[in-house]
Amino acid sequence: TFRLRDAVGSKGHVYAVDFDPGALDYLKKRIDKFGGHNMSIVLSRPWHTKLKPSSVDLAFLVNVHFFKHPKEPEGSQVAVDFPRFYGSVLKALRPGGRMVIIEPDKDAGAGRHVSVKEMARQLDEVGFKMIKQYSYLKLQYFLIFEPKKK
């Protein structure tokens with residue numbers, strides 16, 4: 001989060017979004033200690049980022065583990081919340097905006113490992129298309145998505 005703060009500079013803004021109040025409390029303490037005039041903390045919900053429409057140029061999601069496992073039962077909470085959550089990311093993007101996803105490339109104990117192909121398929125259903133995949137991280141996927149043209 002602080003690297004993103006520095007990258008956007010004084011004219012940019014970083015929204016730190018999480019649905020875990022404890023994680024946000026920890027981040028608030030770090031912001032108080034190290035500064036964060038261009039940072040806002042947002043308490044989200046599992047089904048919504050709580051970001052305003054057209055409010056961000058880049059959504060940067062790291063280790064979210066929020067994909068439907070191929071064997072996920074229909075009607076499960078993840079199956080219901082998944083399209084709503086990523087739909088809220090899609091709505092939060094400004095025109096020309098993109099979404100970066102960094103996720104473990106194998107089940108790193110999270111229990112929700114999903115392949116790149118499966119991630120791309122699921123996000124396609126929500127309205128995203130994968131435009132780039134980087135492979136320079138040893139243990140993680142680095143994927144870039146943009147909204148599909150209407």
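Because the structure is a prediction, the values reported are computed rather than measured.

### As for the overall build of the protein chain
Part 1 of the argument: Helix and strand counts for the protein chain come out as four helices and six strands.
Part 2 of the argument: Ordered by position in the sequence, the α and β elements of the protein chain form the string α-β-α-β-β-α-β-α-β-β.
Part 3 of the argument: Sorting the 150 residues of the protein chain into buried and exposed places 39% on the buried side.
Part 4 of the argument: Within the protein chain, contacts between residues at least 6 apart in sequence are counted, and of these 68% link residues at least 24 apart.
Part 5 of the argument: A total of about 9,300 Å² of accessible surface is found on the protein chain, and carbon and sulfur atoms cover 54% of it.

### So, the nonpolar core
Part 1 of the argument: Ranked by size, the top nonpolar core spans 23 residues in total, and within it Y86, M99, I101, L123 and F145 carry the most contacts.
Part 2 of the argument: At the level of elements, β3 (56-62), α3 (77-92), β4 (93-104), α4 (116-126) and β6 (140-147) are the ones that each hand at least two residues to this core.
Part 3 of the argument: Excluding residues that lie within four positions of it along the chain, M99 makes contacts with L58, A59, L61, Y86, V89, L123, F128, L143, I144 and F145.
Part 4 of the argument: Core analysis: the next-biggest nonpolar cluster, separate from the first, contains six residues, F2, A16, I31 and M39 among them.

### Digging into the environment of G127
Part 1 of the argument: Along the chain, the position of G127 falls in the loop between α4 and β5 (128-134).
Part 2 of the argument: For the pair formed by G127 and K148, sequence separation is 21 residues and the distance between their alpha carbons is 5.6 Å.
Part 3 of the argument: What G127 contacts, discounting residues up to four positions off in sequence, is L90, E146, P147 and K148.

### Structural notes on the pairing of strand β1 (residues 14-18)
Part 1 of the argument: When β1 meets strand β2 (residues 39-43), the two strands line up parallel, connected through five bridges. Its bridge partner lying in β2, V17 is registered against V42.

### Details of the layout of surface pockets
If a probe the size of a water molecule is rolled over the atoms, the empty space left behind becomes visible.
Part 1 of the argument: Each pocket or cavity is described by its volume, and for the largest pocket that value is around 1,300 Å³.
Part 2 of the argument: If you trace the largest pocket, you find 38 residues lining it, with L4, Y15, V17, F60 and L61 closest to the centre.
Part 3 of the argument: Elements with a minimum of two residues in the lining of the largest pocket: α1 (2-8), β1, α2 (21-34), β3, α3 and β4.
Part 4 of the argument: For the lining of the largest pocket, the element with the highest residue contribution is β3, accounting for seven residues.
Part 5 of the argument: When grouped by side-chain class, the residues that make up the lining of the largest pocket number 25 nonpolar, eight polar and five charged.
Part 6 of the argument: The volume enclosed by the second largest pocket comes to roughly 250 Å³.
Part 7 of the argument: In terms of lining, the second largest pocket is formed by 14 residues, of which the most central are G96, G97, E146, P147 and K148.

Rules of the game
- Residues numbered from 1 in each chain as written.
- Predicted model: local features only at pLDDT ≥ 70, side-chain atom pairs only at ≥ 80, totals over all residues.
- Heavy atoms only, no water.
- Helix = DSSP H or I, 4+ residues; strand = E, 2+ residues; numbered from the N terminus.
- Buried < 20%, exposed > 50% of the residue type's maximum accessible area, 1.4 Å probe, protein only.
- Contact = heavy atoms within 4.5 Å.
- Areas by Shrake-Rupley, 256 points an atom, 1.4 Å probe, with all protein chains shown as cover.
- Core = buried A, V, L, I, M, F, W, Y, C linked by side-chain atoms within 4.5 Å.
- Pairing = 2+ DSSP bridges.
- 1 Å grid on protein atoms, 1.4 Å probe; cavity = no way out; pocket = protein on both sides within 12 Å on 5 of 7 lines; lining within 4 Å.
- Points joined across faces, edges and corners; volume = space filled by probe spheres on them.
- Nonpolar A, V, L, I, M, F, W, Y, C, P; charged D, E, K, R; others polar.

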